[in-house]
Amino acid sequence: MFHGQVSKAIADGLLALKSRIQAADIPPSKLDETLNIATWNIREFGRRKRSDAAIHYVAEILGQFDLIGVVELRDNLEDLSRVLEILGPYWRSVYSDMIPDPGGNRERITYLYDKRAVTFGGFAATGTAPRAKKGTEYLPEKSWWRPPYAASFKAGSFDFVVISVHVRWGNSKQKRMEELELLANWIDAKRREKFAVDRDLIVMGDFNIEDEAMLATVTQRGLNIPGALVGRELGSNLARNKRYDQILHYSDLPETFTNAGGVLDFYCGDIRPLFPATMTKQEFTYQMSDHLPLWVQINTDIDEFRLQQISKGWGK
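Rules used in this analysis
- Residues numbered from 1 in each chain as written.
- Predicted model: local features only at pLDDT ≥ 70, side-chain atom pairs only at ≥ 80, totals over all residues.
- Heavy atoms only, no water.
- 1 Å grid on protein atoms, 1.4 Å probe; cavity = no way out; pocket = protein on both sides within 12 Å on 5 of 7 lines; lining within 4 Å.
- Points joined across faces, edges and corners; volume = space filled by probe spheres on them.
- Helix = DSSP H or I, 4+ residues; strand = E, 2+ residues; numbered from the N terminus.
- Nonpolar A, V, L, I, M, F, W, Y, C, P; charged D, E, K, R; others polar.
- Patch = residues over 30% accessible without salt bridge, like charges linked within 9 Å, V, L, I, M, F, W, Y side chains within 5 Å.
- Areas by Shrake-Rupley, 256 points an atom, 1.4 Å probe, with all protein chains shown as cover.
- Salt bridge = Lys/Arg side-chain N within 4 Å of Asp/Glu carboxyl O.
- Lys, Arg positive; Asp, Glu negative; His and termini not counted.
- Charge placed at Lys NZ, Arg CZ, Asp CG, Glu CD.
- Buried < 20%, exposed > 50% of the residue type's maximum accessible area, 1.4 Å probe, protein only.
- Contact = heavy atoms within 4.5 Å.
- Expected span 1.5 Å × (residues − 1).
- Polar contact = N/O pair within 3.5 Å; in protein donor to acceptor, adjacent residues only side chain to side chain.
- Pairing = 2+ DSSP bridges.
- Axes fitted to C-alpha atoms, helices over the stretch in contact; angles between N-to-C directions.

## Points about empty space enclosed by the protein
Any space left empty among the atoms is revealed by the rolling of a water-sized probe across them. Considering all chains together, one arrives at one cavity of 30 Å³ or more under this definition. Estimated volume of the largest cavity: approximately 30 Å³. Lining the largest cavity, in full, are Trp144, Arg146, Pro147, Pro148, Val165, His166, Val167, Glu179 and Leu183. Among the secondary structure elements, those contributing two or more residues to the lining of the largest cavity are β9 (158-166) and α4 (173-192). Taken together, the residues that form the lining of the largest cavity break down as six nonpolar, one polar and two charged.

Put into C-alpha cells, the structure is as follows:
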C-alpha cells in the first residue's frame, strides 16, 4: 500500500479505518495455499470525483483482499486509476464495457487483483442471454439490465471462473425474480458446456436479494453458499439488516473454502473520524458506499483433494 504523505485528517481516518478492518477478523492469505476474495458494490464509483480521503480509504479496504469483484464502476475510470496507484505496482484490473442506456446506468464491472497472489487466466466476457431465431434474427427472449461479467483466474493449484452480477432493482419484484431465474439458468448452462472454460464457478455481486424466495430463485440450479457464510448475520448494507450481496459457488470440492468469511464494516454506525461530523450519511455513501464488502477465503492448494478424488474413482 502506498498512501504516501497524506494530511493529518487522512492519517487519523486511516488509523481509525484500520481498527475497523481489524475487527472484521480477516485472516492473512498464504501464497499458493489460500486466497481472500470479496465482492463490493462501490456506489456509482467514478460518476463524481471522490475526495482524496475517500480514495485512500477505498484503496485500504480493497487492499485487504487478493481478488475483488467491484460493481457500479462507472464509465469514467479516473478514480479507479487513483485507487490502483495507491494499491501499488502489483495490482491489475480487468473490466467490462459500460452500458449507456438507463437500465445499464453507464456501469461496468471490474475485477481488481494482486498478481502476486492470483493470475488472470485470459478469459473475460460479458454474458449473453439465450437467443432464439425470429425471422432472420437471433434475439433473446429476456435479458439482464446489466449482464454478468465473467473472468478466469488461477491461484496455487486452483483454476476457477468468477462471475459478477448487478441485478436490477426496478419497480417490480416479479421482474427482479425473473432476472434472477434467468441468471440461475444461464450459469447452470455455462457450467454444463462441453468445452466450459472451467467448472469451478464463483458467482458474486449485488443480487438485490431481499428475502428467502429471491435467494431460492438464484440457487435453484445448485449454487451454494460457502459454509463460512451460512447461518450468520451478514447484512451488507450499512444498517447490516439486508443481504443484497452474495458469494455463491459451484465446486466439485467441499474443501474449496476455508471456515473464514464475513462482512467488512467500515461504517460501524458513524462517519467519524473518517469524515467530518458535518457530512450526512447520504454524502458518506457517495464518498465510500451504501454497501459493505462481503468476503470469503478460498483454499488454493487442492492437489491432495484432487488425488483423493481420483483414488476413490470420483475423478473419472
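Having seen the model, we can carry on.
## With respect to a negative patch on the surface
Taken together, the side chains of Asp32, Glu33, Asp301 and Asp303 make up a negatively charged region of the molecular surface. Looking at the element boundaries, Asp32 is found in the loop between α1 (8-23) and β1 (34-45).

## Here's the deal with the environment of Ile247
Position of Ile247 relative to the elements: it lies in strand β11 (residues 245-250). Classification of Ile247 as buried rests on a relative accessible area of 0%. It is 7.1 Å that separates the C-alpha atoms of Ile247 and Ile202, two residues lying 45 residues apart in sequence. The contacts of Ile247, once residues within four sequence positions are left out, are Thr39, Ile202, Val203, Met204, Asn224, Ile225, Pro226, Leu229, Leu294, Trp295 and Val296.

## A look at α4
The terminal C-alpha atoms of α4, which comprises 20 residues, lie 29 Å apart, in line with the 28 Å expected from a rise of 1.5 Å per residue. Where α4 is concerned, the buried positions are Arg176, Met177, Glu179, Leu180, Leu182, Leu183, Ala184, Trp186, Ile187 and Asp188. Elements in contact with the buried residues of α4: β9, β10 (201-206), α5 (212-219) and β11.

## Structural notes on the pattern of salt bridges
In total, this model carries 22 salt bridges according to the counting rule given. Between Glu107 and Arg146 there is a salt bridge, with its nearest N and O atoms 3.6 Å apart. Taken together, the residues Glu107 in strand β4 (residues 107-114) and Arg146 in the loop between β7 (137-140) and β8 (149-155) connect sequence positions 39 residues apart. Judged by relative accessible area, Arg146 falls into the buried class, the value being 11%. Among the ionic pairs, Asp270 bridges to Arg272, the shortest N-O distance being 3.2 Å. Owing to a relative accessible area of 26%, Asp270 belongs among the partly exposed residues under this scheme. Sharing partners across several salt bridges, the network here consists of Glu44, Arg47 and Arg74.

## Here's the deal with the side chain of His291
Within the element layout of this structure, His291 appears in the loop between α6 (281-287) and β13 (294-299). Classification of His291 as buried rests on a relative accessible area of 7%. A distance of 2.8 Å separates a polar atom in the side chain of His291 from a polar atom in the side chain of Asp245.

## Observations concerning unusual backbone geometry
Along the chain, Arg272 connects to Pro273 via a cis peptide bond; the corresponding omega equals 0°. Looking at the element boundaries, Pro273 is found in the loop between β12 (257-263) and α6. You will see that Asp25, though not glycine, has its phi angle at about 55°, which is positive. Inspection of the secondary structure puts Asp25 in the loop between α1 and β1.

## What to know about the sheet that holds strand β2 (residues 67-74)
The strand order across the open sheet formed by six strands is β3-β4-β2-β1-β13-β12, and the pairing between neighbours is mixed. On the outer flanks of this sheet lie β3 (91-95) and β12, each paired with one strand and no other. Mean inter-strand twist for the sheet, computed between neighbouring axes without regard to direction, equals 20°. Both β3 and β4 contribute to a ladder of five bridges, which runs antiparallel. Bridge pairing links Arg92 to Tyr113 in β4. Set on the sheet, helix α3 (residues 78-87) makes contact with β1, β2, β3 and β4; between it and β3 the angle comes to about 155°.

## Structural notes on α3
The buried fraction of α3 amounts to seven of the ten residues, a majority that puts the element mostly inside the structure. What α3 keeps buried is the set Asp79, Leu80, Arg82, Val83, Leu84, Ile86 and Leu87. Packed against the buried residues of α3 are β1, α2 (52-62), β2, β3 and β4. One or two residues past the end of α3 sits Gly88, with phi positive at roughly 110°.

## Quick notes on the layout of surface pockets
The space that makes up the largest pocket amounts to roughly 280 Å³. Taken together, 15 residues line the largest pocket, and the ones lying closest to its centre are Glu72, Asp206, Asn208, Asp290 and His291. No other element matches the three residues that β1 contributes to the lining of the largest pocket. Of the residues in the lining of the largest pocket, the class split is two nonpolar, six polar and seven charged. Put simply, the second largest pocket is a space of about 240 Å³.

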